[in-house]
Amino acid sequence: MARSPRRPTRVSRFSFIELIRRGPSSAAKGLLLAALAIAAGVWFWWSPGSRGWFVESLGYGWIPVGIWLAVALTAVVHYRSAVRKTWRWCVAAAALAAISIGVLSLFHTGGGTLSETGLSGRWGQLLGGSSLGLAVAKLAAIALLSPLALLSRPVGRVYWQGLIYMGLAFYYTPIYIYKGLHHGWVFMDRRIRPLFTYVWRFIARPGAAMLHWVPGLRRHRQDTPKAAGAPEPAQWADAEAGMIPSWPSDEEDPLPVVPARAGRRSDQPTGPHWQLPSIELLSPPETRENSQAELQEMGRNIENTLTDHGVVVEVKEIKAGPRVVQFGLVPGWLSKKRDAAKGEDDEENGQRSRIKVRDILGREQDLALALQTPYLRIEAPIPGEGLVGLEVPNPSPAKVHLREVMSNQSFNSLVAKNGLPMAIGQDAGGAPVSLDLAALPHMLIAGATGSGKSVCINSIIASLLLTKPPDELRFLMVDPKRVELTPFNGIPHLMAPVITEIDEVNPALLSLMREMMRRYKVMEDMGARNLDSYNKKAPEPWPYLVLVVDELADLMIAGGFEVEQNLVRLAQLGRATGIHLVLATQRPSVNVVTGLLKANIPTRVAFAVASQVDSRVILDTIGAEKLLGKGDMLLLNNESPKPRRVQATLVYDKEVEELVDHWVKQEGPPLPVISMSDPEAEDGEDGDPDDRLMDQARDLAVRLPNLSSSLLERRLKIGGSRASQLMESLEDEGLLVSR
């Protein structure tokens with residue numbers, strides 16, 4: 001029987017591994033695999049991108065990985081039948097390689113590519129990592145959990161129970177060690193401690209006393225060197241009777257005692273410096289309780305009321321302040337009307353219109369009726385937010401104590417800047433409001449009687465007295481009402497006693513202007529631009545000067561044009577020299593709060609007023625007529641383009657008295673005298689009338705740079721020739737520029 005010819009083996013071009021497996025010999029297979037491995041390694045090494053990836057990915061971790069791959073590939077090629085039986089060894093080798101890579105990741109090189117990731121690269125960070133504790137936990141988990149996949153079920157159960165017992169051992173060992181130490185300490189304390197006490201009381205202490213009389217020991221004690229600085233017997237012998245002997249000391253002179261830093265808080269003054277009063281003099285803040293359920297009910301009432309009138313809104317946020325609650329409203333959407341011609345609804349086509357803000361403003365009275373309160377204020381929009389603010393009186397009002405605002409971080413940051421910090425109050429959301437008077441630089445306060453204006457002034461003064469000693473701050477107070485600022489009489493901060501007579505106000509303002517011009521001249525010679533730069537260069541720093549006027553209307557009526565011009569002049573030029581104004585009035589009319597005065601005082605505070613006209617005079621807008629009174633105010637400054645609602649701080653009369661007593665009882669270093677009188681005027685009171693006339697002309701020239709002869713005629717009530725002579729004299733003295 002003829003044998004059929006053998007068909008050639010058909011090898012696919014994609015079965016290259018099968019071709020290797022059916023090769024002529026195992027040696028040829030090994031050589032071919034080695035050649036392929038060497039070629040791949042050379043390609044990886046000479047390719048820059050591949051070499052970078054090769055190093056950054058595993059680094060030296062390729063050594064255990066390469067060994068494991070070589071062994072596994074050899075076993076698959078030559079001993080495929082044995083792989084099924086020895087697969088557990090392959091898994092164990094892989095776990096061992098992973099542990100090696102994790103250990104290499106804990107070591108870092110001094111520089112290069114592996115300086116940050118460790119010797120095993122980025123992939124090694126997954127198994128180990130820079131944290132030693134986390135890396136040990138990972139490697140321990142691999143070492144403990146890998147045998148579970150390798151062992152059979154009975155052996156694995158025993159292994160698992162062993163792990164459980166090991167964990168229990170780690171858990172109970174510290175407990176039993178602690179109990180053993182505790183019982184040992186109790187035993188020592190109860191049994192052995194009385195024994196030591198008995199031995200010391202009846203044996204050791206009497207024995208130590210008897211050793212003092214041993215002759216050899218006494219002689220040894222006399223021969224011991226004396227301590228450094230102790231006197232020798234010969235030095236005592238040379239001292240005269242009745243005199244205290246002295247002896248030289250080898251020690252260095254002690255460091256000089258540095259006096260306490262000025263402004264350090266303390267209840268009792270120590271040393272030659274002023275000590276600030278403690279904040280403990282003020283009353284602690286009260287706890288506030290706002291029912292969230294009640295506030296949520298008010299929010300739903302607002303939404304339902306506006307919806308009933310065709311205005312769809314959503315209460316987005318609720319901020320509960322001390323006196324008011326601010327509801328943030330988001331205008332809703334309404335669908336447009338149906339097109340009758342087409343018979344289609346535009347809501348289905350996605351055409352909607354936003355509720356207009358003026359529709360919400362027009363429902364103010366409806367909201368007041370629904371909320372049962374006449375005090376509503378709508379702010380559209382809230383500065384910095386896309387919401388319409390509705391401010392409603394808080395059903396649980398609270399007071400804002402001065403200590404609560406001064407304890408806040410924002411106030412402490414102003415104190416650290418070495419300015420003039422003032423605790424103003426809290427806004428409608430309950431956030432503290434603090435200002436720096438040195439940066440404002442002046443402040444105007446207006447409000448009706450009983451609105452909290454005088455309490456606000458006392459809070460400002462108390463804030464400054466709690467943070468500034470007299471060598472850094474001086475006051476000039478004017479109180480025509482005689483009851484608001486007179487309690488501060490006697491504090492060392494005052495340049496002069498509180499001024500209560502209207503006739504003394506204008507000379508005091510002139511003295512303050514002379515001090516301002518003197519400071520400008522000194523600063524010009526030194527090259528300083530403001531008070532801060534001068535105090536950094538000068539050996540004796542200047543204090544801030546703050547003018548406080550409680551009732552501006554009386555001054556404007558009695559003093560008239562001269563008082564206004566002096567205040568405007570101080571407001572224009574006083575900031576650079578450290579002079580700041582705090583003016584208050586209860587009648588905000590255009591005759592009192594003039595346009596020129598408002599232009600130089602950008603920071604203005606409006607308490608509750610009687611009409612919208614008064615609100616416009618103070619803030620140039622309405623809103624102050626809707627305030628609640630008792631500290632409820634609107635604050636306008638450079639930080640916000642619109643007035644901000646704030647509840648002013650409260651300071652009691654008792655707190656002011658304790659604060660004044662602290663400063664009155666304190667004796668500090670002498671303060672520089674700031675003269676409040678004109679020395680030239682005092683010398684010329686009994687002299688020639690022409691000299692007094694010339695002094696008055698000089699005062700007018702200082703206050704009015706554009707002084708003319710006709711103005712001199714009207715002010716001094718003199719003739720034209722005499723006015724011309726005075727003008728020439730002023731030009732010769734340099735007070736006026738010749739035209």
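For the structure itself, consult the block above.
Residues numbered from 1 in each chain as written. Predicted model: local features only at pLDDT ≥ 70, side-chain atom pairs only at ≥ 80, totals over all residues. Heavy atoms only, no water.

(A) Region of interest: the pattern of salt bridges. In the structure shown here, the tally under the stated rule is 18 salt bridges. Between E515 and R518 there is a salt bridge whose closest N-O contact spans 2.7 Å. Here R518 and E515 lie together in helix α18 (residues 505-526), a separation of three residues that amounts to about one turn. Between E515 and R519 there is a salt bridge, with the nearest N and O atoms lying 3.2 Å from each other. Of this pair, E515 and R519 are both found in helix α18, four residues apart, which corresponds to roughly one turn of the helix. Each of the two residues, E515 as well as R519, counts as buried. In this structure, a network of salt bridges that share partners links the residues R377, E379, E391, D632 and R645. (Salt bridge = Lys/Arg side-chain N within 4 Å of Asp/Glu carboxyl O. Helix = DSSP H or I, 4+ residues; strand = E, 2+ residues; numbered from the N terminus. Buried < 20%, exposed > 50% of the residue type's maximum accessible area, 1.4 Å probe, protein only.)

(B) How the structure looks around the sheet that holds strand β7 (residues 421-427). Judged by pairing direction, the sheet is mixed, and its nine strands sit side by side in the order β8-β7-β15-β14-β13-β9-β12-β11-β10 without closing on themselves. With one partner strand each, in any of the chains shown, β8 (432-436) and β10 (473-478) form the two edges of the open sheet. Between one strand axis and the next, the sheet turns through 30 degrees on average, direction left out of account. With three bridges joining them, β7 and strand β15 (residues 644-648) adopt antiparallel strand pairing. Across the sheet, the residue bridging to G425 is A648, located in β15. (Pairing = 2+ DSSP bridges. Axes fitted to C-alpha atoms, helices over the stretch in contact; angles between N-to-C directions.)

(C) Fine view of the nonpolar core. By size, the foremost hydrophobic cluster in this structure holds 58 residues, and its most contacted members are M422, I445, I461, F475, M477, F488 and V548. A total of eight residues in this core trace back to one element, the largest contributor, which is helix α17 (residues 453-467). In this structure, V548 is in contact with I457, I461, F475, L476, M477, V478, L485 and V582, ignoring residues within four places of it in sequence. With 33 residues, the next largest nonpolar core counts L444, L512, L555 and V592 among its residues. (Core = buried A, V, L, I, M, F, W, Y, C linked by side-chain atoms within 4.5 Å. Contact = heavy atoms within 4.5 Å.)

(D) Examining the sheet that holds strand β6 (residues 388-393) more closely. Across the sheet, four strands lie side by side as β1-β2-β6-β5; this open sheet has antiparallel pairing. The open sheet is flanked by β1 (313-320) and β5 (377-379), the only strands paired with a single partner. For this sheet, the mean inter-axis angle between neighbouring strands, taken without regard to orientation, is 25 degrees. Two strands pair when backbone bridges link them, and β1 and strand β2 (residues 324-331) are joined in this way by seven bridges, in the antiparallel orientation. Bridging from a neighbouring strand, E314 pairs with V330 of β2. Strands β1, β2 and β6 of the sheet are contacted by helix α12 (residues 292-308), whose axis makes an angle of about 150 degrees with β1.

Take it as geometry only, folks, not as evidence of what the structure does.
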